[in-house]
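So you can see what is in the structure, the chains are spelled out below.
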Amino acid sequence: MLQIKVLGGGCSNCINLAKMCTEILEDNKIEGEVTKVTDFQEIMKYGILTTPGLVINEKVVHYGKLPTKSTLTHWLIESTTK
Amino acid sequence: MNFKFNKLTILITFIIWILFYTNLEYITNQLVYKFIGMATKMPFTNAVWFFIFEVPKVLLLLVLIVFIVGIIRSYFSPEKTRKILGGKKQFIGNALGSLLGVVTPFCSCSAIPLFLGFVQSGVPLGVTFSFLIAAPMVNEVALVLLIGLFGWDTALLYLSTGLTIAFISGFIIGKLKLEKHVEPWVYAVQANTINNITEQKINFDERIDIGIQAVKDIVGKVWIYLVLGIGVGAGIHGYVPENFMAGLMGKSVWWSVPISVILGIPMYSNAAGIIPIVQALLGKGAALGTVLAFMMSVIALSLPELIILKKVLKIQLILSFIGIVATGIMIVGYLFNIIY
């Protein structure tokens, strides 16, 4: 089961990223949980400077801007095999 | 659409761009007077002409400049900037911070994590502020509109005064030793500067793609405000009488500069909508300094952003920040009113 965290103060990019993740999980029947992390103290622990940040199973995969849907799908599917 | 742009396509596009841009006045004249057949020197004709001429002109400039800025920005990243600014002294640090604020790519919602990441890894507070003030203040969309509607000289003045305000404000904040007004937890955490992602080498074709992506993102977001703003501007252009604004925002009215700055703080408009209106007001007797002060205040000091800042800064530091930046903007306003 994937633990997905979306890091960001609540801007539109972060909301969109979380929505994309949930959709991809559903579409590809991947088991996982998407949580939004909005507390900056918590966000800074991941060492990112720009949001939105994407963390899959405690590993920072992406940050700074919205990935395309196909790239995101690829990351999520890849993570299930690890 | 999976069409790959290469250098040749870019070159051809650029030639078409130049042809179109340089003949815009002719095309507009043909369209308004010959094709639609409108009477000359009527308020409605003036408004329509202004709209038909300015919208494509500003959009063309926007596409070109956003593309160039996009490519320039692909050479910078917040991580590199942090490395450059780490441990820099005041003055040099403030100057570098202001300049890097203009070219480092990030969206406004990243201001807080950037602030935290910078101070936690040892970038001085004042230098961090220079960086964070310059970034929204010198805005590429504002720059495009100033070039398009006012000319290169005004755009350059805006760029240099924006940088100066960022430099001086950050310098003063650093000198005032305001670190104690940052929420204590910020300094308690040691920054995690190890990113799990290593930066990849990118070639020039990829930079072109980044530039095109920037055009899609930014032009896609602001074009509607731009068209609306120019629409309102066109209305003012055609219908509001000459010197209408002179009594309110004219040179001789000393209090117009501070009032403009105060009015600008709660207004949260992007530059795209505000500048065409500002340009139209200017034609009606408003003074350039007053109008510029208003514009800078709207862009650099915005209430929603200040509220988010409250999460990491104490109210004293936020107030000092507003006070210093507002004073800087007012000085610029008065300076322009004296020069022009």
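Criteria and cut-off values
Residues numbered from 1 in each chain as written. Chains lettered and ligands numbered in written order. Predicted model: local features only at pLDDT ≥ 70, side-chain atom pairs only at ≥ 80, totals over all residues. Helix = DSSP H or I, 4+ residues; strand = E, 2+ residues; numbered from the N terminus. Buried ≥ 20, exposed ≤ 12 C-beta atoms within 10 Å, placed from the backbone. Contact = placed C-beta atoms within 7 Å. Pairing = 2+ DSSP bridges. Axes fitted to C-alpha atoms, helices over the stretch in contact; angles between N-to-C directions. Right-handed = clockwise from strand over helix to strand, strands pointing away. pLDDT = per-residue confidence, 0-100.

Caption draft 1: Examining the environment of Pro 43 of chain B more closely. Residues and elements named next belong to chain B. Within the secondary structure, Pro 43 sits in helix H3 (residues 43-73). A count of 13 C-beta atoms within 10 Å places Pro 43 in the partly exposed class. Through-space distance from the C-alpha of Pro 43 to that of Tyr 239 is 5.9 Å; in sequence the pair is 196 residues apart. Not counting the four nearest positions on each side in its chain, Pro 43 is found in contact with Gly 238 and Tyr 239.

Caption draft 2: Highlighting the sheet that holds strand S2 (residues 32-37) of chain A. Residues and elements named next belong to chain A. Reading across the sheet, the 4 strands line up as S2-S1-S3-S4 and stay open at both edges, with mixed pairing between neighbours. Every other strand in the sheet has two partners, leaving S2 and strand S4 (59-63) as the edge strands with one partner each. Between one strand axis and the next, the sheet turns by 20° as a mean value, whatever way the strands run. Of the strand pairs in this sheet, strand S1 (residues 2-7) and strand S3 (residues 53-56) are connected by 4 bridges, and their pairing is antiparallel. Within the sheet, the bridge partner assigned to Ile 4 lies in S3 and is Ile 56. Against the sheet, helix H1 (residues 12-27) contacts S1, S2 and S3, and its axis sits at roughly 175° relative to S2.

Caption draft 3: Geometry of the pairing of S1 of chain A. Residue and element names in this part refer to chain A. Across 6 bridges, the pairing between S1 and S2 is parallel. From the neighbouring strand, Gln 3 faces S2, where its bridge partner is Glu 33. Considered for its hand, the β-α-β crossover made up of S1, H1 and S2 is right-handed.

Caption draft 4: Highlighting the confidence of the model for chain B. Residues and elements named next belong to chain B. Averaged over every residue, the pLDDT of chain B is 84; the share at 70 or more is 93%. Of all helices and strands in chain B, the one with the weakest mean pLDDT is helix H12 (residues 246-249) (71), whereas helix H5 (residues 92-103) scores best (94). Two summary scores accompany this predicted model of the complex, namely pTM at 0.83 and ipTM at 0.86.

Caption draft 5: Seen up close, the interface of chain A and chain B. Each partner contributes residues to the interface: chain A has 17 residues there, and chain B has 24 residues. Listed by contribution, the elements that provide at least two residues to the side of chain A that touches chain B are helix H2 (40-43) and S4 of chain A. Considering each element in turn, the side of chain A that touches chain B owes the most residues, 3 residues, to H2 of chain A.

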